[in-house]
Amino acid sequence: MRKYYLLQVTYAILLSAVLSIFCAKKEEAGAPEAKSKARWIIGMSQCNLGEPWRVQMNADIKKAAEEHPEIEVVFKDAQNDNLRQRSHVEEFVSSGVNLIIISPKEAAPLTPPVSEAFRHGIPVIVLDRRVLGADYTCFIGADNKKIGEAVGRWIARRLGSQGKVVELKGLMTSTPGQDRHAGFVEGIRGSQLEVIFEADMKWLEPNARQEMESALARFDKINLVYAHNDPGAHGAWLAAKAAGREKEMIFVGIDGLPQEGQVYVRQGILEASFEYPTGGKEAIETALAILNGQTVPKELTLPSRVFTAANIEQGGELLSE
Ligand code: FRU
């Protein structure tokens, strides 16, 4: 009797283990067959959700998608890992999604899976950071070179063409970092500005804080810090504040989120934050156009604004052409 009971219990445990593995697998795959009433499944591969800007991008996508019951968006977060993001794209292809949106971590490692998906016949929208080559359907993002150039011109004007600048760069293997730097170099050309310290803080606030500590230790005079994003500018400000030197210099960043960069501008932490729109809404609009058989442009360039204490109440100022 006891033996029979034990056998039954073992059988029940085994069955529930098999069932839970099966269910977990289905959930993980975010498979289109997951009883969706939607006509189309869109796979969205986000490179990380560790920064407010990316959380905002996903929220913008979700909000725009909610207005269209014919689509369902399956989100995946690669947690800043190229390999994980690569397998997310591959999983989307094998589960047969109708369209992929990707905001890739780095250009080179994410190019092959995007290219493969595209060649497989799945439309791919590349959002914010680019991949290499042209194997995708549409790229959506603001012009980072133009933003970097506008930052450079703004700084040259603000400092009267002279001064010592620290540049804290975004991940230089990602295209916005490269473009925000190249544009900046263009923007300060002809001025007497001197970049005395540059470092790759990889878009991350703690890295920026650490790099800024080195800059502060090495230089007695720093007029301005240009960080490629607002978390970087804030990290630099924290380092300067800890050293009691934050009032000696100006901080400028990029992203301009209402709940982040714009708040820093209002608080006087940043003198300027340049908007970098997430493109979430535009990605859904473009996805719908593609799914409905319309032709879309290969590039969709989004406008950007600059926020300063002088214009923030009026909603910032549009960057000129
Ligand atoms: C978030 C982020 C933003 C930046 C963008 C560039 O991961 O670092 O702050 O503007 O990525 O791709």
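No experiment lies behind these values; they were computed from the predicted model shown.

## Concerning the pairing of strand β12 (residues 305-308)
- By the bridge criterion, three bridges tie strand β10 (residues 272-275) to β12 in an arrangement that is antiparallel. Following the sheet pairing, Phe274 is matched in β12 by Val306.

## Some details on helix α8 (residues 230-242)
- Helix length check: α8 (13 residues) gives 18 Å between terminal C-alpha atoms against 18 Å at 1.5 Å per residue, within 8%.
- Most of α8 sits out of view: ten of its 13 residues are buried.
- Listed as buried for α8 are Asp230, Pro231, Gly232, Ala233, His234, Gly235, Ala236, Trp237, Ala239 and Ala240.
- Lining the buried residues of α8 we find β6 (162-169), α7 (205-218), β8 (224-227), β9 (250-255), α9 (261-267) and β10.
- Put simply, Asn229 is the residue that caps the front of α8, since its side-chain oxygen is 3.0 Å from the backbone nitrogen of Gly232.
- In the segment just after α8, Gly244 is the residue with positive phi, at about 70°.

## Points about the site of the ligand
- Around the ligand sit Asn48, Glu51, Trp53, Arg54, Asp128, Arg129, Pro176, Arg180, Trp203, Asn229, Asp255 and Tyr276, and that is every residue in its neighbourhood.
- At 3.2 Å, a side-chain N or O of Arg180 approaches an oxygen atom of the ligand.
- At 2.6 Å from an oxygen atom of the ligand is found a side-chain nitrogen or oxygen belonging to Asp255.
- Summarising the interface, the protein chains cover 100% of the accessible area of the ligand, which totals 310 Å² for the free molecule.
- Mapped by element, the contributors of at least two residues to the shell around the ligand are α2 (52-66) and α6 (175-188).
- Taken together, the residues of the shell around the ligand sort by class into four nonpolar, two polar and six charged.
- Viewed by domain, the shell around the ligand spans two of them, domain 1 (40-142 + 278-303) and domain 2 (144-277 + 308-318), each represented by three or more residues.

## Digging into the pairing of strand β1 (residues 40-46)
- Burial analysis of β1 places seven of its seven residues in the buried class, the great majority of the element.
- Of the two faces of β1, the one carrying Trp40, Ile42, Met44 and Gln46 and the one carrying Ile41, Gly43 and Ser45 are both buried.
- Of the strand pairs in this sheet, β1 and strand β2 (residues 71-77) are connected by seven bridges, and their pairing is parallel. Across the sheet, the residue bridging to Gln46 is Asp77, located in β2.
- In terms of handedness, the path from β1 via α2 over to β2 forms a crossover that is right-handed.
- Where β1 lies against strand β3 (residues 99-103), five bridges are found, and the strand directions are parallel. Its bridge partner being in β3, Ile42 is matched across the sheet by Leu99.

Here is what the cut-offs are and how they apply
The residue numbering used here restarts from 1 in each chain and proceeds along that chain's sequence as written. For a predicted model such as this one, the threshold for reporting local features is a pLDDT of at least 70, and the threshold for listing and counting side-chain atom pairs is 80 or more; totals across whole chains, interfaces and linings nevertheless cover every residue. Note that water and hydrogens are dropped before the side-chain values are worked out from all heavy atoms of the structure. A pair of strands counts as paired when DSSP detects no fewer than two bridges linking them. Helix numbers and strand numbers start at the N terminus; a helix is a DSSP run of H or I with at least 4 residues, a strand a run of E with at least 2. Every helix has an expected span of 1.5 Å times one less than the residues it contains. Per-residue accessibility, obtained with a 1.4 Å probe over protein chains only, is compared with the maximum for each type, and a residue is labelled buried under 20%, exposed over 50%, and partly exposed between these values. Between two residues, a contact is recorded if the distance between any of their heavy atoms is within 4.5 Å. Pairs of N or O atoms are called polar contacts if they sit within 3.5 Å, as long as, within protein, a hydrogen donor faces a hydrogen acceptor (for residues adjacent in sequence, only side-chain-to-side-chain pairs). Whether a residue is near a molecule or strand depends on its heavy atoms: if one lies within 4 Å, it is near. Note that accessible areas follow from Shrake-Rupley with a 1.4 Å probe, and for residues the cover is restricted to the protein chains shown. Residues are grouped as follows: Ala, Val, Leu, Ile, Met, Phe, Trp, Tyr, Cys and Pro are nonpolar; Asp, Glu, Lys and Arg are charged; all remaining types, including Gly, are polar. Boundaries of every domain are those given by an automatic assignment or by a domain database. With strands facing away from the observer, any crossover in which the path from the first strand over the helix to the second runs clockwise is taken as right-handed.

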